[in-house]
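# Reading the structure
Below are the chains, spelled out letter by letter.
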Amino acid sequence: MKTFKTMIAVTAMALALPMAAPAAAQEFPLEPGEYSEVSGIFVNDGAEFKYAQHLADQWVANLEFAKSNGWVSDYKIYVNVNPREGEPNIYLMTTFPRLLDAAEQERRNAAWTEFSKTNVQQQIAESGNRAEYRTVLSSMLLQEYTVRK
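Description of the structure in this document.

What counts as what
- Residues numbered from 1 in each chain as written.
- Predicted model: local features only at pLDDT ≥ 70, side-chain atom pairs only at ≥ 80, totals over all residues.
- Heavy atoms only, no water.
- Helix = DSSP H or I, 4+ residues; strand = E, 2+ residues; numbered from the N terminus.
- Contact = heavy atoms within 4.5 Å.
- Polar contact = N/O pair within 3.5 Å; in protein donor to acceptor, adjacent residues only side chain to side chain.
- Pairing = 2+ DSSP bridges.
- Patch = residues over 30% accessible without salt bridge, like charges linked within 9 Å, V, L, I, M, F, W, Y side chains within 5 Å.
- Areas by Shrake-Rupley, 256 points an atom, 1.4 Å probe, with all protein chains shown as cover.
- Salt bridge = Lys/Arg side-chain N within 4 Å of Asp/Glu carboxyl O.
- Buried < 20%, exposed > 50% of the residue type's maximum accessible area, 1.4 Å probe, protein only.

### What about the environment of serine 36?
In this structure, serine 36 sits in strand 1 (residues 30-43). Considering only alpha carbons, one finds serine 36 and threonine 94, 58 residues apart in sequence, at a separation of 5.4 Å. Ignoring sequence-local partners within four residues, the contact set of serine 36 consists of Met93, Thr94, Thr95, Met140, Leu141 and Leu142. Only 2.8 Å separates the side chain of serine 36 from the side chain of threonine 95, close enough to count as a polar contact.

And the structure:
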């Protein structure tokens, strides 16, 4: 009995395919674009100036380096004007054209290390030092889609 029901289901799907073909042949109305990574940051009360100084100096310098290499196309800082309890009060957004494979990631890591004139251990320590006054609460990877013309 189970085999008979399976045959009926397969036959029904086969008969439905010719009717579905015109809809499937239509082009999807949205086309994929760039990616944006959005990090939600909570900055401790009283540390806003210190973190803002880090963003204005080191963060922007790093992203300008990335932009000059074509690795990112844009970056922005958003402040959550009315954060609720437990929400980030700053969002950092970086937009880039494509995801990286492992080889490209290694190549860029080497370029970052040379640019920053620091080693990986120093870079991790510097990031850890910011943990004294800021916490990364979230990270999202979004892909922009635009209406196909």
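We are not done yet, so read on.
### Concerning the pairing of strand 1
In terms of strand pairing, strand 1 meets strand 4 (residues 134-147) through 12 bridges, oriented antiparallel. What sits directly across from valine 43, in strand 4, is arginine 134. The pairing of strand 1 with strand 3 (residues 90-96) spans 7 bridges and is antiparallel. Each residue of the ladder has a partner; that of serine 36, found in strand 3, is threonine 95.

### Here's the deal with a nonpolar patch on the surface
A cluster of nonpolar side chains, contributed by Phe28, Leu30, Tyr145 and Val147, occupies part of the molecular surface with about 400 Å² of accessible area. Residue position: valine 147 is located in strand 4. The class of valine 147 is exposed, set by a relative accessible area of 59%.

These values are about where atoms sit, not about what they do.
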